[in-house]
Amino acid sequence: MSHSRDPYDRSHEPQADDVYGQEPWMLDPFADPYTGQTAQTPPEGYTPEQLYAQEPYVPGPETGQMLAQTGYPPAYEGDYQTGEFRGGFEPEFEAWPTADEMRVEEPEAQQESQHERAKGGRMAAAAAAAAAARPRLRRVRRQRGRRDNTVLVALGLVGAMAVALLLNRPHQWEQPKLAAESSAPTAATVVCPGKPKSGADQVTVTNAAEGSGKVTLSGPGAGKGAETTVASGKVTSASVKPGSVVVKAGKEVAPGLVAGRSTTKPLAATGCLPPQAEAWFPGVGAGATHNSVLELTNPNSGAATVDISLYDEKGVVAVPEDLRGVAIPGNTTRTFDLLHVIPRKGELSLKTTVVRGQAGVMVRDRAVALETQRGTEDYFPGQSTPAETNLLVGYPNKSASRTLTVINPGDAQVSAELRLLTPKNVLTPEGAPEISVPPNGQTQVDLTKLLGKDSAGDAYGVEIVATGPVATAMRSVDGGDVAITTATETISEPTAVVVPAGGGVGKKRVLISGPVAKTGTSGTVKVVPMTAKGKALKAKSVEVGPGLGAEVEVPAEAALIQLVPAGVEINAAVVMSGDGDAVVPFRPLRSEVRTAGVAPGLPLPLEP
């Protein structure tokens, strides 16, 4: 049964080409598919209800015309010869034949008798027509499932990979831990500060380790530069100018390079220090009777930049423009007299931070007597890092004035306790002052009376134990002569210092402090003095431990003093007296270079 306006009726429309469902009117969206058709009278004999009563009617695209309307691509006949493929999404049903397909057998059916027609001949004809329409219906289903096949295959591959990953046991990952490597240094550089205003001056160099080699002297005090040979245990003196001197050594001397600068009449001495990233100088002066000179030396050819900070009892002090971001050209020294840069009556504390390149930092501290205008200078080496426990080892036996300065770089107030270091124990003296340091500020304590008592006669140092990191220094002045005692560094390996010898230098004392903590171990320390020519003088071994120190006097002709600790950590310094006083602390030698372990960017898998 068909109707003239039925969109599925294709009985009177010839196909334009071999592509199923591509009639010419389909290609023109404005064409009328019913133009030229003649209305037909529906055949009699059965009704749609009778036709579709046999199976449930399922709507859908029964013909290629619906395919063209829905936008599906045309069928490709060569892909569907076997008639076996179906899209996975197709429902399990077959569409009923169209009215046109059912009319294919209608002429034959009209010749049948009324009795056969009543028995359902029409139903048989409809079944035959439906069977003939099934190939086309299958083509429609194959065409619809063809595009989804690629998606299904891709999803299947993704699922297979996911299952494979889940079935395989994953690796256990661990970030490798590479220890730092140690090796002997192949080069070393130390900076010697400039000469004070008066006194006979000399720069001395030695090798405290085995071997001999050449060292070069450069900088403003070396003029055009010089080269000299140093040997193990022998002290070499160099003639230099008043400016700072840079000493550089190769791999033969670098592990044991030791240098110093000193003057006699009046006496002043210091060790030459390597470039420091940060240095603290508690208790510098910028006044008429107490003045300090800051020296910044660039040992390299590239430029360097240093930031300077100042503190007083109230906190941070505004830095003058001359001290802001100080630029130091290569192989030059810049000197700042604080009396002229930031003049003031009270003492200050100074911090230097190298933000670019390298710089050797040192302060020369001056004391001027107003009555005679006689002034003396001594070297003031800085403290590299603030600490909660500071040991100030070594100071002159007699002094008219002793001032302790404690600086707190933190943002909270700090309290500190003062103790005395003696050869037999560490004690808190009667009348010890209570030390309280404001945040980002300093506190000064007068220790003249405390250290001048009979009970402190055998003390050789001061211990400061604070509730937070602090930097400390003690300034001793006697008859216009000044001596600076700074916090010493802990030593566990052999080390050495060079000291002035000859006229103007008298008594020399080596002061050794054992570990203060109760958990520290005891051990022995061997003191080996040597002359400038390398001759060993009488050595002495002493025992030190927690709270147990030692004092060893060495001959005046000693130009090199070596310390060899065995199983113990110590802090030590040399105190010299003559035409004035000087304190030179022992520092660890740069006997090895540690290279950081480098790990790959991703962790390495362990074996399964």
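Our subject is the structure listed above.
All values reported here derive from a predicted model rather than from experimental measurement. (Residues numbered from 1 in each chain as written. Predicted model: local features only at pLDDT ≥ 70, side-chain atom pairs only at ≥ 80, totals over all residues. Heavy atoms only, no water.)

### A short note on the overall build of the chain
Now for step 1: Scanning the chain from N- to C-terminus turns up eight helices and 37 strands.
Now for step 2: Counted over contacts in the chain with a minimum sequence separation of 6, partners at least 24 positions apart contribute 80%. (Helix = DSSP H or I, 4+ residues; strand = E, 2+ residues; numbered from the N terminus. Contact = heavy atoms within 4.5 Å.)

### Observations regarding the layout of surface pockets
Now for step 1: Taken as a whole, the largest pocket spans an internal volume of roughly 680 Å³.
Now for step 2: Along the wall of the largest pocket there are 30 residues; nearest its centre are Val190, Cys272, Leu273, Pro274 and Pro588.
Now for step 3: Counting residues per element, the ones that place at least two in the lining of the largest pocket are strand 3 (188-192), strand 9 (257-264), strand 10 (268-271), strand 28 (495-498) and strand 35 (580-585).
Now for step 4: Here the lining of the largest pocket is composed, by residue class, of 19 nonpolar, eight polar and three charged. (1 Å grid on protein atoms, 1.4 Å probe; cavity = no way out; pocket = protein on both sides within 12 Å on 5 of 7 lines; lining within 4 Å. Points joined across faces, edges and corners; volume = space filled by probe spheres on them. Nonpolar A, V, L, I, M, F, W, Y, C, P; charged D, E, K, R; others polar.)

### A word on the state of the cysteines
Now for step 1: Tallied over the full model, the rule gives one disulfide.
Now for step 2: Disulfide pairing is shown between Cys192 and Cys272; the S-S distance is 1.9 Å. Across the disulfide from Cys192 to Cys272, rotation about the S-S bond amounts to roughly 105°, and the bridge is consequently right-handed. Of this pair, Cys192 sits in strand 3 while Cys272 sits in the loop between strand 10 and strand 11 (278-284), and the two are 80 residues apart along the sequence.
Now for step 3: By relative accessible area, Cys272 is classed as buried at 9%. (Disulfide = S-S within 2.5 Å. Buried < 20%, exposed > 50% of the residue type's maximum accessible area, 1.4 Å probe, protein only.)

### Quick notes on the sheet that holds strand 34 (residues 571-578)
Now for step 1: Spatially, four strands are ordered 32-29-34-35 in an open sheet, and the strand pairing comes out antiparallel. Pairing within the sheet leaves two strands with one partner each, and these edge strands are strand 32 (550-554) and strand 35. Going from strand to strand, the sheet's axes swing by 20° on average, the running direction of each strand aside. (Pairing = 2+ DSSP bridges. Axes fitted to C-alpha atoms, helices over the stretch in contact; angles between N-to-C directions.)

### Things to note about the side chain of His290
Now for step 1: The topology assignment puts His290 in strand 12 (residues 290-297).
Now for step 2: According to the relative accessible area criterion, His290 is buried, its value standing at 6%.
Now for step 3: Side chain to side chain, His290 and Glu347 meet in a polar contact 3.1 Å long.
Now for step 4: Apart from the residues lying within four places of it in its own chain, the contact partners of His290 are Gly283, Val284, Gly285, Glu347, Asp365, Arg366 and Arg475. (Polar contact = N/O pair within 3.5 Å; in protein donor to acceptor, adjacent residues only side chain to side chain.)

### Some points on the sheet that holds strand 12
Now for step 1: One open sheet holds the four strands; their spatial order is 16-12-18-19, and the pairing between them is antiparallel. Because the sheet does not close on itself, it has two edges, and the strands there are strand 16 (333-337) and strand 19 (375-380). Ignoring which end each strand starts from, the neighbouring axes of this sheet average 20° apart.

### A few points about a nonpolar patch on the surface
Now for step 1: Together, Val151, Leu152 and Leu155 give the surface a local cluster of nonpolar side chains, amounting to about 290 Å² of exposed area.
Now for step 2: Summarising the element assignment, Leu152 is placed in helix 6 (residues 114-167). (Patch = residues over 30% accessible without salt bridge, like charges linked within 9 Å, V, L, I, M, F, W, Y side chains within 5 Å. Areas by Shrake-Rupley, 256 points an atom, 1.4 Å probe, with all protein chains shown as cover. Salt bridge = Lys/Arg side-chain N within 4 Å of Asp/Glu carboxyl O.)

### Topic: the packing of aromatic side chains
Now for step 1: Inspection of the entire model under this criterion finds two aromatic pairs.
Now for step 2: Centroid distance Phe281 to Phe380: 5.6 Å. Interplanar angle 80°. Geometry classified as edge-to-face. Here the residue Phe281 occupies a position in strand 11, and Phe380 occupies one in strand 19, the gap between them amounting to 99 residues.
Now for step 3: On the basis of relative accessibility, which here comes to 1%, the residue Phe380 falls in the buried class. (Phe/Tyr/Trp six-rings, centres within 6.5 Å; stacked < 30°, edge-to-face > 60°.)

### Some words on the pattern of salt bridges
Now for step 1: Following the criterion strictly, the structure yields 13 salt bridges and no others.
Now for step 2: With a closest N to O distance of 3.9 Å, Lys351 and Glu278 form a salt bridge. In this pair, Lys351 is assigned in strand 17 (residues 348-356) and Glu278 in strand 11, connecting sequence segments 73 residues apart.
Now for step 3: Using a relative accessible area of 18% as the deciding quantity, one classes Lys351 as buried.
Now for step 4: With a closest N to O distance of 3.2 Å, Arg509 and Glu551 form a salt bridge. A residue pair is termed long-range when its members are at least 10 positions apart, and Arg509 in strand 29 (residues 505-513) and Glu551 in strand 32 qualify at 42 residues.

### Some points on the nonpolar core
Now for step 1: With 31 residues, the main nonpolar core has Phe281, Val284, Leu294, Leu296, Ile308 and Leu350 as its most contacted residues.
Now for step 2: If one sorts the elements of this core by residue count, strand 13 (residues 304-312) sits on top with four residues.
Now for step 3: Ignoring sequence-local partners within four residues, the contact set of Leu296 consists of Val306, Ile308, Val326, Ile328, Thr332, Thr333, Arg334, Phe336, Gly360 and Val361.
Now for step 4: Formed by 25 residues, the second largest nonpolar core is a distinct cluster that contains Ile491, Val497, Val544 and Ile561. (Core = buried A, V, L, I, M, F, W, Y, C linked by side-chain atoms within 4.5 Å.)

### Brief notes about the pairing of strand 10
Now for step 1: By the bridge criterion, four bridges tie strand 9 to strand 10 in an arrangement that is antiparallel. When the sheet's bridge partners are listed, Thr263 is paired in strand 10 with Ala268.
Now for step 2: As consecutive antiparallel partners, strand 9 and strand 10 are separated by three residues, and within that stretch Lys265 has a phi angle of approximately 55°, a positive value.

### A few points about the pairing of strand 13
Now for step 1: Most of strand 13 sits out of view: seven of its nine residues are buried.
Now for step 2: Bridge count between strand 13 and strand 15 (residues 326-328): three bridges; the pairing is antiparallel. When the bridges of strand 15 are listed, Ala304 appears paired with Ile328.
Now for step 3: As paired elements, strand 13 and strand 17 share seven bridges and run antiparallel to each other. If you follow Val306 over to strand 17, its bridge partner there is Val354.
Now for step 4: When strand 13 meets strand 14 (residues 315-317), the two strands line up antiparallel, connected through three bridges. Looking at strand 14, one finds that Tyr311 is bridged to Val316.

### Considerations on the environment of Glu377
Now for step 1: In this fold, Glu377 is placed in strand 19.
Now for step 2: A residue is classified by how much of its surface remains accessible, and Glu377, at 7% relative accessible area, is buried.
Now for step 3: Sequence-wise, Glu377 and Asp365 are 12 residues apart; in three dimensions their C-alpha atoms are separated by 5.5 Å.
Now for step 4: A distance of 2.3 Å separates a polar atom in the side chain of Glu377 from a polar atom in the side chain of Arg366.

### Description of the side chain of Ser244
Now for step 1: For Ser244, the location among the structural elements is in the loop between strand 7 (236-238) and strand 8 (245-249).
Now for step 2: Judged by its relative accessible area of 3%, Ser244 is buried.
Now for step 3: A polar contact is formed between the side chain of Ser244 and the side chain of Thr297, at a distance of 3.3 Å.
Now for step 4: Here Thr333 takes part through its side chain, which lies 2.6 Å from a polar atom of the side chain of Ser244.
Now for step 5: Not counting chain neighbours up to four residues away, the residues in contact with Ser244 comprise Cys192, Pro193, Gly194, Ser218, Gly219, Pro220, Gly221, Ala222, Arg261, Glu295, Thr297 and Thr333.

### Structural notes on the environment of Thr333
Now for step 1: In this fold, Thr333 is placed in strand 16.
Now for step 2: The contact partners of Thr333, leaving out residues within four places of it in the chain, are Pro220, Ser244, Leu296 and Thr297.
Now for step 3: Reaching out from Thr333, the side chain makes a polar contact with the side chain of Thr297 at a distance of 3.0 Å.

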